[in-house]
Amino acid sequence: MLIQTANSFGTYPPVLIFPLFQNETLTNALSKIAALCGIDATLLTTGFKAELKEMHQIYVVNRRKPELKKVYLLGLGANPSSAEILDVFRSFAHRNKTTLPSSIGLDLLTTNATQRKETIKTVAEAAANGILLGHYNIGQYKTNAKTPYALLSEEASLTIITGKQFTETANNAARKGLDIAQTQMYIFHLVNGSSNHVTPTHIGECAIESGARHGFQVTVYDKIQIQTLGLHALLAVNRGSETPPTFIVMEYQPKQHSNKTLPKIGLVGKGITFDTGGLSIKTANMQYMKSDMGGAAAVLGIMEVAAKLQLPLHLIGIIPSTENSVDATAIKPSDVINSYSGKTIEVDNTDAEGRLILADGLTYLKRNFNPDVMIDLATLTGNCVMALGYKAAGLFCNSQALADKLLQSAGATGERLWQLPLWDAYKKETQSDVADIKNHSGSPLAGAIVAAKFLEAFIENHTAWAHLDIAGTAFGDSEYSNAKSATGYGIRLLTHYLEQLAAG
Ligand code: BES
Ligand code: ZN
Ligand code: ZN
């Protein structure tokens, strides 16, 4: 989609969107819009209150503007968050995607949304991001090819009207909104993809393709190389699967940067392409476990966005990927396995597999890159979903300064985080009689915290590590689907965090 900015319309697009805040200038803005549409102002001022998510459509009868056919008023409420604004545009586009033409306009000049640069930026980014995301089509395996939506066509355009002083701001913000949305849709596609298609090898191929297109390095280690590297915990989880594992290492640095050293951030994403539970087999909701690579997909998405935006930092993304399946060769509860770190692990429950592959990913990241900050994202525990539901991810962090920054980004993006403790009091649950550590304690209590304590044993005393348990937030209810579907959680959150970090 082409983004254009202008100070006025030469020729009007057939559809014009007016986002409107609920404030004292609303009546004035509505009167101007009524004049443009050729309708009576009181019809609008009494009929539209700009409540959050209120939507109003007007067929235009202005003979002097025959090109303009339809106007949409979108209510933003009095004081919306950026996530709420995004939601307004996304729902709008989702509901109207079959009728929207390939050329639409967004008027930020005649509305009351215009006065501040920050507001222009927020609304323009949210509009572009939400409008594109609203067009996401979940039916990736349907054989009857649907006619693609007009706004997804090559020649589609979004023209934003702002005051002269804001055209660049609006243009850049909208461009960024589109860039992020494209990556988010790609990540939806991967997470919603079924496990017989989205295998560890497939994720590796996606990473290579994305790296080549957007400019970051990718190495995909296959099973033999994984054996040579000594990623024993990843290999152990893979034992019950016919599909081989992959270990994906991605590295991004901006194309041009001065000699000063860039902050180095390492990400690790859980890439379980399907979690049957292994021999500790799942008895409920197994069908959702195609999304157990949501952390891996988020890491790939963040790498892609960082490269698109050419953020001034050094970013490493690591994805250990395998299926967790059942077979005669699968690991059994009570088996003791080795790990990349050299620590032995008693596998008390084969369904606590995520922490096993992450253990190898985290130690690998620490030993080979020693980044300033390490962050892992994982659909790790049902227990975290019990605690926080689908509205927030769990944050575990051994540096309060890092936690505060992540919480701030969570607030700014609406991808909520809630901090949970990492107290050593919970460490006992990971003590094994026979091995260095065990992956499960048998107690259903505080499972998300115990899982985090397990991971902590593999970061080799790194002092700025955060673990995001995204089990509840990666896959949820949405307008796209009758069942649950991918949310792309983590991409906007960590993009914001990385931008703040890059800005110093
Ligand atoms: N992938 C699951 C966690 C999960 C649950 C993700 C629900 C998304 C929604 C993880 O591998 C798992 O099975 N965890 C177990 C751990 C337990 C055996 C200690 C769990 O949460 O029940
Ligand atoms: Zn599991
Ligand atoms: Zn899992």
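Model, not experiment: these values are computed from the prediction. (Residues numbered from 1 in each chain as written. Chains lettered and ligands numbered in written order. Predicted model: local features only at pLDDT ≥ 70, side-chain atom pairs only at ≥ 80, totals over all residues. Heavy atoms only, no water.)

1. Some points on the sheet that holds strand β1 (residues 2-6)
Now for step 1: Pairing is mixed across the open sheet formed by six strands, whose spatial order is β1-β6-β5-β2-β4-β3. Strand pairing shows two members of the sheet lacking a second neighbour, β1 and β3 (55-59), which therefore form its edges. Across the sheet, the mean angle from the axis of one strand to that of its neighbour is 20°, orientation sign disregarded.
Now for step 2: Taken together, the five bridges between β1 and strand β6 (residues 157-161) define a ladder with parallel strand orientation. Counterpart to Gln4 in the pairing with β6 is Thr159.
Now for step 3: Of the strands in this sheet, β2 (15-20), β3 and β4 (70-75) touch helix α1 (residues 26-37), which is tilted by about 170° from β2. (Pairing = 2+ DSSP bridges. Helix = DSSP H or I, 4+ residues; strand = E, 2+ residues; numbered from the N terminus. Axes fitted to C-alpha atoms, helices over the stretch in contact; angles between N-to-C directions. Contact = heavy atoms within 4.5 Å.)

2. Remarks on the packing of helix α5 (residues 167-192) against helix α9 (residues 294-308)
Now for step 1: Running from N to C, α5 and α9 cross one another at 155°; their axes reach a closest spacing of 10 Å. Viewed along their axes, α5 and α9 adopt a mutual orientation that is roughly antiparallel. α5 and α9 meet at a crossing whose hand is right-handed. Of α9, the residues touching α5 (which contributes Asp179, Ile180, Gln182, Thr183, Tyr186, Ile187, Leu190 and Val191) are Gly294, Ala297, Ala298, Leu300, Gly301, Glu304, Val305 and Lys308.
Now for step 2: In the contact of α5 with α9, the residues fall into nine nonpolar, four polar and three charged. (Parallel < 35°, antiparallel > 145°, perpendicular 65-115°, else oblique. Left-handed = near helix turned anticlockwise from the far one by under 90°. Nonpolar A, V, L, I, M, F, W, Y, C, P; charged D, E, K, R; others polar.)

3. Regarding the coordination of the zinc ion (ligand 2)
Now for step 1: Coordination of the zinc ion (ligand 2) by the protein involves Asp275 (OD), Asp351 (O), Asp351 (OD) and Glu353 (OE), with metal-donor separations of 2.0 to 2.2 Å.
Now for step 2: Coordination at the zinc ion (ligand 2) comes from six donor atoms whose angles at the metal span 71 to 168°, giving a geometry best classed as irregular.
Now for step 3: Binding-site remark: the zinc ion (ligand 2) is held by donors from one chain whose sequence spacing is D-x75-D-x1-E.
Now for step 4: The metal-metal distance between the zinc ion (ligand 2) and the zinc ion (ligand 3) is 3.2 Å, with Asp275 serving as a donor to both. A residue pair is termed long-range when its members are at least 10 positions apart, and Asp275 in strand β10 (residues 271-275) and Asp351 in the loop between β13 (345-347) and α10 (354-369) qualify at 76 residues.
Now for step 5: Given the relative accessible area of 2%, Asp275 is considered buried. (Donors = N, O, S within 2.8 Å, 3.2 Å for Na, K, Ca; no water. Tetrahedral: all angles 85-135°; square planar, octahedral: opposite > 155°, others 65-115°. Buried < 20%, exposed > 50% of the residue type's maximum accessible area, 1.4 Å probe, protein only.)

4. Examining the site of ligand 1
Now for step 1: Taken together, 15 residues are adjacent to ligand 1, and Asp275, Lys282, Asp351, Glu353 and Gly382 come closest.
Now for step 2: At 2.6 Å, a backbone N or O of Gly382 approaches an oxygen atom of ligand 1. (Near = heavy atom within 4 Å. Polar contact = N/O pair within 3.5 Å; in protein donor to acceptor, adjacent residues only side chain to side chain.)

5. A closer look at the coordination of the zinc ion (ligand 3)
Now for step 1: Those protein atoms acting as donors to the zinc ion (ligand 3) are Lys270 (NZ), Asp275 (OD), Asp292 (OD) and Glu353 (OE), and they sit at 2.0 to 2.4 Å.
Now for step 2: If you look at the zinc ion (ligand 3), its six donor atoms make angles of 77 to 170° with each other, and the shape they trace is octahedral.
Now for step 3: Here the donor residues of the zinc ion (ligand 3) are spaced in sequence according to K-x4-D-x16-D-x60-E.

6. So, the sheet that holds β13
Now for step 1: Strand order in the open sheet formed by three strands is β12-β13-β17, and the pairing between neighbours is mixed. The two strands at the open ends of the sheet, each matched to only one other strand, are β12 (335-337) and β17 (437-438).
Now for step 2: Pairing of β13 with β17, which is carried by two bridges, proceeds in the parallel orientation. Looking at β17, one finds that Ile345 is bridged to Ile437.

7. Some points on the domain arrangement of the chain
One frequent convention defines the size of an interface as the accessible area lost when the parts assemble.
Now for step 1: Segmentation of the chain into domains returns domain 1 (2-184) and domain 2 (193-503).
Now for step 2: Taken together, the 18 residues of domain 1 in the interface contact 20 residues of domain 2.
Now for step 3: Approximately 1600 Å² of surface area, both sides summed, lies buried where domain 1 meets domain 2, with 56% of it carried by carbon and sulfur atoms.
Now for step 4: On the domain 1 side of the contact with domain 2, Arg90, Tyr141 and Thr183 bury the most area, a combined 31% of that side's loss.
Now for step 5: Where domain 1 touches domain 2, the interface holds two salt bridges.
Now for step 6: Inspection of the region where domain 1 meets domain 2 yields nine residue pairs in polar contact (both at pLDDT 80 or more).
Now for step 7: Sorting the residues of the side of domain 1 that touches domain 2 by element identifies α3 (82-96) and α5 as the ones contributing at least two each.
Now for step 8: The residue makeup of the side of domain 1 that touches domain 2, split by class, is seven nonpolar, eight polar and three charged. (Domains from an automatic or database assignment. Buried area = accessible area lost by both parts, 1.4 Å probe. Salt bridge = Lys/Arg side-chain N within 4 Å of Asp/Glu carboxyl O.)

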